[in-house]
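Take a look at the letters that make up each chain.
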Protein chains: 2
Amino acid sequence: MLDQQAAGGPRTSGTATRGETVPTVPPASTAADAVDVTALLERGRTLATPVLRAAIDRLAPPMDTVSAYHFGWIDADGNPAHGDGGKAVRPALAVLSAEVTGAAPEIGIPGAVAVELVHNFSLLHDDLMDGDEQRRHRDTVWKVHGPAQAILVGDALFALANEMLLELGTAEAGRAARRLTSATRALIDGQAQDISYEHRDRVSVEECQEMEGNKTGALLACASSVGAVLGGADDYTADTLEKYGHHLGLAFQAVDDLLGIWGDPVSTGKQAWSDLRQRKKSLPVVAALAAGGPASEQLGEILAADAKSSDFENFSEEEFAARASLIEAAGGREWTAEEARRQHTIAIGALDAIDMPDRVRAQFAALADFVVVRKR
Amino acid sequence: MLDQQAAGGPRTSGTATRGETVPTVPPASTAADAVDVTALLERGRTLATPVLRAAIDRLAPPMDTVSAYHFGWIDADGNPAHGDGGKAVRPALAVLSAEVTGAAPEIGIPGAVAVELVHNFSLLHDDLMDGDEQRRHRDTVWKVHGPAQAILVGDALFALANEMLLELGTAEAGRAARRLTSATRALIDGQAQDISYEHRDRVSVEECQEMEGNKTGALLACASSVGAVLGGADDYTADTLEKYGHHLGLAFQAVDDLLGIWGDPVSTGKQAWSDLRQRKKSLPVVAALAAGGPASEQLGEILAADAKSSDFENFSEEEFAARASLIEAAGGREWTAEEARRQHTIAIGALDAIDMPDRVRAQFAALADFVVVRKR
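Residues numbered from 1 in each chain as written. Chains lettered and ligands numbered in written order. Predicted model: local features only at pLDDT ≥ 70, side-chain atom pairs only at ≥ 80, totals over all residues. Heavy atoms only, no water.

Basically, it comes down to this: UniProt positions are given in the numbering used here, feature names are shortened, and annotations may be inferred rather than shown by experiment.
In the nomenclature of an unreviewed UniProt entry, chain A corresponds to Geranylgeranyl diphosphate synthase type I from the organism Streptomyces pseudovenezuelae. The Sequence similarities (unreviewed entry) field of the UniProt record for chain A holds the comment "Belongs to the FPP/GGPP synthase family."

So this is what it looks like as structure tokens:
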């Protein structure tokens, strides 16, 4: 899975064409390299999905059906589907984190499901707020079932997430619910920042990363610790796992931002130059604008004109490609790839502060590697 | 506050003109009659508001400002306002319920604030889903700040509600959070039913009451028990208080449905014949349709034609007044007033199952009386 040869060689990300944007990452350890990440993701998915489905079945009609559509279990006509349920990194992390404490991975399941529910609540609402019509190669819920159902079902998933934890009735579940609530608050703060940045001419790299830490880092932090909390971990252990997850989230988002511009639409399920079409001030863009120099200045002028353009929606492929080239020439692509590697290193390093079985540590490292080298 | 003279006399609700729709209610007891309900509501408001304001201050901009607008603390331009913060029945119930256990009313405050936050989360989202442009005499949040902010700030208030309870970190708070989550789930179920009923020709009285139990009963049930739960009440006591609150909610909603048709716009802050304009299948309407007889049948034909009318929005005052008269002639108004009285009686009777100080019992009864005789 890891391109070890490239790790010591020249960086390929600065000159990659679309579909080859992933930063090369040195494996955290030989142990991590030996981990079967596909099996690890599959374990999380296999453990969490039946419980997630049972939770969704608790919803009153038509919210159960709308949710099933959102999760890809049925199509818009209600026929069974085998949709792309996503990468399932969060459930894999949640059940793995239970093992930090020596507990069985199953202990993490309610946490895995709660985190997935919160994640999907935010997708439902964000897609509506942002006017996004496609997700995972399919029409978004508000496009198919209308804005009211997107709001309502999002609310229901959020409530269900709390229910999953609180109905356990234990002190550990109360602590887990509290951490999940903090993560959800951060998620909402991040969306508020994202919306406000759309109306601004300039966003700093720091502001962008704060937003991404809230939108992505907080919930990955929760996913990385929730199983441990349910397994009785102390606050120091939980905080350390959250630190791993937070930086993993920043790495994840840096890669997402690369894929949002240079990702292969066949892999990502999004339109080509997706983030540029949405005028998104993502990490490569803000880094390019902050870099200074001729390409950076030219990019600034073009994006300022774009912001005022009434014809932006009709721009050609070539026009978006030209903007992507400028971002790359200004160093925004390479900076973001380097940032993904940097956050990946911090994430794995954070785990040194706590004890856990070697196998579990290697699996955390392997999941971090996966997040950074994924193509979708 | 109570019209004792009318209590034994002829029912006025069947013949009342607009603004005189409230059912006459015999006082539950002389003790209840002696309670200063205004002071009781004021106590809840005084205890809860500073904590609610501090909670809202935790929100990142612009969510704090949007919330402050929603709560009536500032106007659309951001200037301080002294808006109508609502009747404050829920906070009064929450702090009162703490006293059931012998605890100080202050023990109920986090519960009062959490319930208010959930209530206002649902208002923000429901107003957007329903397209309601006015609430409490003011433009709704989505009209002033846009749909995205209404979604986002609603989400933030929901998350903050959980935070208020879970950050207490006690087993009692965990139990309270679990009950609040159940109530929120019911609230969402009720909104789902409300939306689905809009697309149906007929809704039964039972379906209407199930929806109202979810939309109004569940959260009033939680408000009526949350202080007691925080004060250490056992499940039987909490369930009993929830039963009081649930039936109080049904009484509350029956009165709301009367006010939604015959309420005085000056008092309610809504348009005249508000619920008829929205084609709402509220209790007086479904009861009138279920009653049978000439007026009921005529009403059914007219409403069926209205449902298909493309000109409905331009109907005159007289046309709505004619529909209201038919509902009244079919017995829908009187049935709903009687139902408010019936639910009021069940609510107060439920409290007989548990011990509590006489003063507290009288105050619960007085709040129930208030809910049923209010004019807004």
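Thoughts on the overall build of chain A
Just so we agree on the cut-off: Secondary structure elements follow DSSP: runs of H or I no shorter than four residues count as helices, runs of E no shorter than two count as strands, and numbering proceeds from the N terminus. Radius of gyration here is computed from C-alpha atoms only, and the compact-globule reference equals 2.2 Å multiplied by the residue count raised to the power 0.38. The buried label applies to any residue whose accessible area, calculated with a 1.4 Å probe on protein chains only, is under 20% of its type's maximum; exposed applies above 50%, and partly exposed to all values in between. Two residues form a contact once any of their heavy atoms are found within 4.5 Å. Under this rule, positive means Lys or Arg and negative means Asp or Glu; His and the chain ends count for nothing. The atom standing in for a charge is NZ when the residue is Lys, CZ when it is Arg, CG when it is Asp and CD when it is Glu.
Within chain A, the regular secondary structure consists of 18 helices and 2 strands. Since a compact globule built from 376 residues should have a radius of gyration of about 21 Å, the 20 Å found for chain A is in line with a globular shape. Summarising its shape, the C-alpha atoms of chain A cover approximately 60 × 50 × 30 Å along the three principal directions. Expressed as a percentage of the 376 residues in chain A, the buried residues total 59%. A separation threshold of at least 6 residues defines the contact pool for chain A, and within that pool the share at least 24 residues apart is 76%. In chain A, 35 positive and 55 negative side-chain charges are present, and the distance between their average locations comes to 1 Å.

Topic: the relation of the copies chain B and chain A
Copy one and copy two of the chain differ by a rotation about a common axis and a shift along it. What counts is decided by this rule: Least squares is the method for superposing the copies, and the C-alpha atoms it fits come from residues with pLDDT of at least 70 in both.
Note on the copies: chain B fits chain A at an RMSD of 0.0 Å, the axial shift is 0.0 Å, and the rotation between them is 180°. The symmetry that links the two subunits is that of a two-fold axis. Taking C-alpha positions as the reference, the residue of chain B nearest the rotation axis is Gly-174 of chain B, at 2.9 Å. Same-surface contact between copies: 100% of interface residues of chain B are shared with the interface of chain A.

Quick word on helix H14 (residues 283–291) of chain B
Residues and elements named next belong to chain B. For H14, the buried fraction is high: 7 of the 9 residues fall into the buried class. Among the residues of H14, those classed as buried are Leu-283, Pro-284, Val-285, Val-286, Ala-287, Ala-288 and Leu-289. For H14, the elements touching its buried residues are helix H10 (205–230), helix H11 (235–262), helix H13 (274–277), helix H15 (294–308), helix H16 (317–329) and helix H17 (332–350). After H14 finishes, the residue Gly-292 shows a positive phi value of roughly 75°.

Brief notes about the interface of chain B and chain A
Here is the rule we go by: Defined in terms of a 1.4 Å probe, buried area is the accessible area two parts forfeit on being brought together, summed over both. Salt bridges are defined by distance alone: a side-chain nitrogen of Lys or Arg within 4 Å of a carboxyl oxygen of Asp or Glu. Pairs of N or O atoms are called polar contacts if they sit within 3.5 Å, as long as, within protein, a hydrogen donor faces a hydrogen acceptor (for residues adjacent in sequence, only side-chain-to-side-chain pairs). Classification used: nonpolar for Ala, Val, Leu, Ile, Met, Phe, Trp, Tyr, Cys and Pro, charged for Asp, Glu, Lys and Arg, polar for all others including Gly.
Listed per partner, the contact involves 31 residues of chain B and 31 residues of chain A. A buried area of about 2,900 Å², summed over both sides, lies between chain B and chain A, and 71% of it is on carbon and sulfur atoms. Between Arg-185 of chain B and Glu-163 of chain A there is a salt bridge, with the nearest N and O atoms lying 2.9 Å from each other. Counting across the interface, chain B meets chain A through 4 residue pairs in polar contact (both at pLDDT 80 or more). Per-element tally for the side of chain B that touches chain A: the top contributor is helix H8 (residues 147–166) of chain B, with 12 residues. Its residues placed into classes, the side of chain B that touches chain A shows 18 nonpolar, 6 polar and 7 charged.

Observations regarding the side chain of Asp-127 of chain A
Residue and element names in this part refer to chain A. By the element assignment, Asp-127 lies in helix H6 (residues 109–130). Take Asp-127: its relative accessible area is 4%, and that puts it in the buried class. A distance of 2.8 Å separates a polar atom in the side chain of Asp-127 from a polar atom in the side chain of Arg-135. Setting aside residues up to four positions removed in sequence, Asp-127 forms contacts with Asp-132, Arg-135, Thr-140 and Trp-142.

Some words on the environment of Ser-316 of chain B
Mapped onto the elements of the fold, Ser-316 of chain B is located in the loop between H15 and H16. Sequence separation between Ser-316 of chain B and Gln-271 of chain B is 45 residues, and the spatial gap between their C-alpha atoms is 13 Å.

Considerations on the packing of H17 of chain B against helix H18 (residues 358–373) of chain B
Residue and element names in this part refer to chain B. The following threshold applies: In this analysis, axes come from line fits to C-alpha atoms, helices being fitted only over the stretch in contact, and the angle between any two N-to-C directions falls in the range 0 to 180 degrees. In what follows, roughly perpendicular refers to angles from 65 to 115 degrees, roughly parallel to angles under 35, roughly antiparallel to angles over 145, and oblique to any angle outside these ranges. Crossings are classed by handedness, with left-handed meaning an anticlockwise turn of the near helix from the far one by less than a right angle and right-handed meaning a clockwise turn.
One can describe the packing of H17 onto H18 by two numbers: an axis separation of 10 Å at closest approach and a directional angle of 170°. By the angle class used here, H17 and H18 are roughly antiparallel. Seen along the crossing, H17 lies across H18 with a hand that is right-handed. In contact with Ala-340, His-344 and Ile-348 of H17, H18 contributes Ala-365, Ala-368, Asp-369 and Val-372. Partitioned by chemical class, the residues of the contact of H17 with H18 number 5 nonpolar, 1 polar and 1 charged.

Side note on the packing of helix H6 (residues 109–130) of chain B against H8 of chain B
Residue and element names in this part refer to chain B. Axis separation between H6 and H8 bottoms out at 8 Å; the angle between their running directions is 160°. When the axes of H6 and H8 are compared, the pair comes out roughly antiparallel. For the pair H6 and H8, the crossing hand works out as left-handed. Between H6 and H8, the residues in contact are Pro-110, Gly-111, Val-113, Ala-114, Leu-117, Val-118, Asn-120, Phe-121, Leu-124, His-125 and Leu-128 and Pro-147, Ala-150, Ile-151, Val-153, Gly-154, Asp-155, Leu-157, Phe-158, Leu-160, Ala-161, Met-164 and Leu-165, respectively. Of the residues contributing to the contact of H6 with H8, the split by class is 18 nonpolar, 4 polar and 1 charged.

A look at the confidence of the model for chain A
Residues and elements named next belong to chain A. Let me state the cut-off plainly: Per-residue confidence from the predictor is given as pLDDT, running between 0 and 100.
Here chain A averages 91 in pLDDT, and 91% of its residues register 70 or above. Below a pLDDT of 50 lies the segment residues 1–16, which in the model reaches 29 contacts outside its immediate sequence neighbourhood of four places, other chains included. On the interface metric, ipTM, the complex scores 0.91, and its pTM is 0.91.

So, the environment of His-137 of chain B
Residue and element names in this part refer to chain B. If you trace the backbone, His-137 turns up in the loop between strand E1 (134–135) and strand E2 (138–139). Here the alpha-carbon distance between His-137 and Phe-252, two residues 115 residues apart in the chain, equals 20 Å. The contact partners of His-137, leaving out residues within four places of it in the chain, are Pro-265, Val-266, Ser-267, Thr-268 and Gly-269.

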